[in-house]
Structure formats: structure tokens, C-alpha cells
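One-letter residues, chain by chain:
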Amino acid sequence: GAVVSQHPSRVICKSGTSVKIECRSLDFQATTMFWYRQFPKQSLMLMATSNEGSKATYEQGVEKDKFLINHASLTLSTLTVTSAHPEDSSFYICSARETGGPEDEQYFGPGTRLTVT
Amino acid sequence: GENVEQHPSTLSVQEGDSAVIKCTYSDSASNYFPWYKQELGKRPQLIIDIRSNVGEKKDQRIAVTLNKTAKHFSLHITETQPEDSAVYFCAAGKTGFQKLVFGTGTRLLVSP
């Protein structure tokens, strides 16, 4: 149980284009999902907290107009990187908290490796 | 906000030895401390966690200790095996606030 998927697993896009990453909770409902970014050999940095039916909460320094988050259902959150640039190349990982489950536990997706050329 | 420091950044041990990774946190209100193992290009996997109402927790070869007064917690792996080689992250969170702050990671290499 508690499986989280991400799509795509890898994506290459050209500078200036936008790319959408999906995060799905497969066997549970997730009112809250989290989006992280991980640069090579670095830690996971929280970008934003995604809440179903409401606006996402962004961490300090993360541009909300560049990283658009939509959490339209209890099993799906999307992250759109708009006008991507090479410095946006990173490993993007989502996690989900099960609605009504243990408050602290998060289940991670497999990650999406974004390369911007 | 919360700040989590983790040491060492790399750790090399021989198979069968013990490995200890230490983390400190800054926010005394933090009460949830998970440890994750991440293999290259894969998702972080929860290996053990501890809440602030206990001082130690053990699961087979893995144990975690927590010192609330000093605001530090440690991961102990005994009888290490080559398959334990990975990057380990500690994290700190607060019940009700949900988000986790991660440490900088420790690359563990277990040599046969």
C-alpha cells in the first residue's frame, strides 16, 4: 500500500518551454502533497506544499509563477515548470500524506529527472 | 525556521562494522525525526523514525537515538553489509505542520 507514482520519470526540454510533472497517489487519498527539488549530490529541498482544492504554499525563494502547482483531486498533483532554463535541471520528487493517516508520514514518488537544454 | 545539520558527509566502513550518522536540529518544537535511505536516482525510503516521546527505537540492525535536550539524534547501523551503501538523510518535522526539513545527507560506503 501507500504507493506514489510520478510521470514522466525523465524529460528533456528546450530552454524556454514548459514541462508538466504529475504526482499520483495510487491506493490512497492525499489531501496534501509536497514537491521537492534535489540537485546532484545535494539534499531534498522543499519547494511547496500542495493542498487539494486550494492554493499551494510555496517556500521562501521559490517563484510561484514559475513553478505552477495544481492539486485538483485527492489523488493528483501537478507541477508545471514554466519557461524552463538550464538551471532548472534537477531531480523533482513529490511526496504525499495519506488523508486521515499518520500526520507525520510521507510517501515519496520515484522522482522525475528534468534536463533543460 | 528549522535547520538540520548532518555529519559526516561521507562515511566508509568495512563490512560488519557499525556506522553512526548524527544530526542536530534547531527548532525545539520539532517532534518527528525520520531517517531515509536513497539509492542513486531512486526515491527516498523511510527506514526508521522516532518521535519525541521516546529516546530510542530499534529495528533489527538499525537504531535511532534522540536527545531532546541537546537537540540531536543519531542513526546506528550495526553489522553493515554492502547493500547498506547509499545516501542517508535525516529530517525533522512538527506534528500538524507536516513539512519536513532534511539534513544534507551522508554517503555511506560499505566495503566487502
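It should be noted that the structure appears before, not after, this text.
Engineer: Explain the packing of aromatic side chains here, please?
Structural biologist: Between two aromatic rings, the relevant description is the distance of the centres plus the angle of the planes. According to the stated counting rule, one finds 11 aromatic pairs over all chains in the structure shown. Note on Phe-28 of chain A and Tyr-107 of chain A: the rings are 5.6 Å apart at their centroids and 65° apart in plane angle, and the pair reads as edge-to-face. Placement of Phe-28 of chain A in the loop between strand S3 (19–25) and strand S4 (32–38) and of Tyr-107 of chain A in strand S10 (residues 107–108) is noted, with a sequence separation of 79 residues between them. The interplanar angle of 45° and the centroid separation of 4.8 Å between the aromatic rings of Phe-33 of chain B and Phe-73 of chain B together place this pair among those described as tilted. Of this pair, Phe-33 of chain B sits in strand S4 (residues 32–38) while Phe-73 of chain B is found in strand S8 (residues 72–77), placing the two residues 40 residues apart along the sequence. Across the pair, Phe-73 of chain B and Phe-33 of chain B agree in class, each one buried. A connected cluster of aromatic rings, assembled from ring pairs, spans Tyr-36 and Phe-108 of chain A together with Tyr-36, Phe-89 and Phe-102 of chain B. Here the basic side chain of Lys-66 of chain A rests over the ring of Phe-67 of chain A, its NZ or CZ set 5.8 Å away from the ring centre.

Engineer: Teacher, can you tell me more about the side chain of Ser-43 of chain A here?
Structural biologist: Residue position: Ser-43 of chain A is located in the loop between S4 and strand S5 (45–51). When residues no more than four places from it in sequence are discounted, the contact partners of Ser-43 of chain A are Arg-37 and Gln-38 of chain A together with Phe-89, Phe-102, Gly-103 and Thr-104 of chain B.

Engineer: Teacher, can you tell me more about the state of the cysteines here?
Structural biologist: Between two cysteines, a covalent bond joining their sulfur atoms is known as a disulfide. Evaluated as defined, the whole model comprises 2 disulfides over all chains. Across the disulfide from Cys-23 of chain A sits Cys-94 of chain A; the S-S distance is 2.0 Å. Taking the sign of the S-S torsion, 80° for the link of Cys-23 of chain A and Cys-94 of chain A, the bridge is right-handed. One end of the pair, Cys-23 of chain A, is in strand S3; the other, Cys-94 of chain A, is in strand S9 (residues 90–97), and 71 residues separate them in sequence. By relative accessible area, Cys-23 of chain A is classed as buried at 0%. The partner cysteine of Cys-23 of chain B in its disulfide is Cys-90 of chain B, sulfur to sulfur 1.9 Å. Taking the sign of the torsion about the S-S bond as the criterion, the disulfide between Cys-23 of chain B and Cys-90 of chain B, at about -100°, is left-handed. Placement of Cys-23 of chain B in strand S3 (residues 19–25) and of Cys-90 of chain B in strand S9 (residues 86–93) is noted, with a sequence separation of 67 residues between them. For the residue pair Cys-23 of chain B and Cys-90 of chain B, the accessibility class agrees, reading buried in each case. In this structure Cys-13 of chain A is a free cysteine whose sulfur lies 18 Å from that of Cys-94 of chain A, the closest cysteine sulfur available.

Engineer: So what exactly am I meant to see when it comes to the interface of chain A and chain B here?
Structural biologist: Note on interface size: it is often stated as the accessible area lost on association of the parts. On the chain B side, the residues contacting the 22 residues of chain A number 20 residues. Buried surface at the junction of chain A and chain B, summed over both partners, amounts to about 1800 Å²; 49% is from carbon and sulfur atoms. In this assembly, chain A and chain B are joined by 1 salt bridge. Residue Glu-59 of chain A pairs with Lys-99 of chain B through a salt bridge whose shortest N-O separation is 2.9 Å. Taken together, chain A and chain B are joined by 5 residue pairs in polar contact (both at pLDDT 80 or more). At the level of secondary structure, the elements contributing two or more residues to the side of chain A that touches chain B comprise S4 and S9 of chain A. With 4 residues, the single largest contributor to the side of chain A that touches chain B is S4 of chain A. In terms of residue class, the side of chain A that touches chain B is made up of 9 nonpolar, 6 polar and 7 charged.

Rules of the game
- Residues numbered from 1 in each chain as written.
- Chains lettered and ligands numbered in written order.
- Predicted model: local features only at pLDDT ≥ 70, side-chain atom pairs only at ≥ 80, totals over all residues.
- Heavy atoms only, no water.
- Phe/Tyr/Trp six-rings, centres within 6.5 Å; stacked < 30°, edge-to-face > 60°.
- Helix = DSSP H or I, 4+ residues; strand = E, 2+ residues; numbered from the N terminus.
- Buried < 20%, exposed > 50% of the residue type's maximum accessible area, 1.4 Å probe, protein only.
- Lys NZ or Arg CZ within 6 Å of the ring centre and 35° of its normal.
- Contact = heavy atoms within 4.5 Å.
- Disulfide = S-S within 2.5 Å.
- Buried area = accessible area lost by both parts, 1.4 Å probe.
- Salt bridge = Lys/Arg side-chain N within 4 Å of Asp/Glu carboxyl O.
- Polar contact = N/O pair within 3.5 Å; in protein donor to acceptor, adjacent residues only side chain to side chain.
- Nonpolar A, V, L, I, M, F, W, Y, C, P; charged D, E, K, R; others polar.

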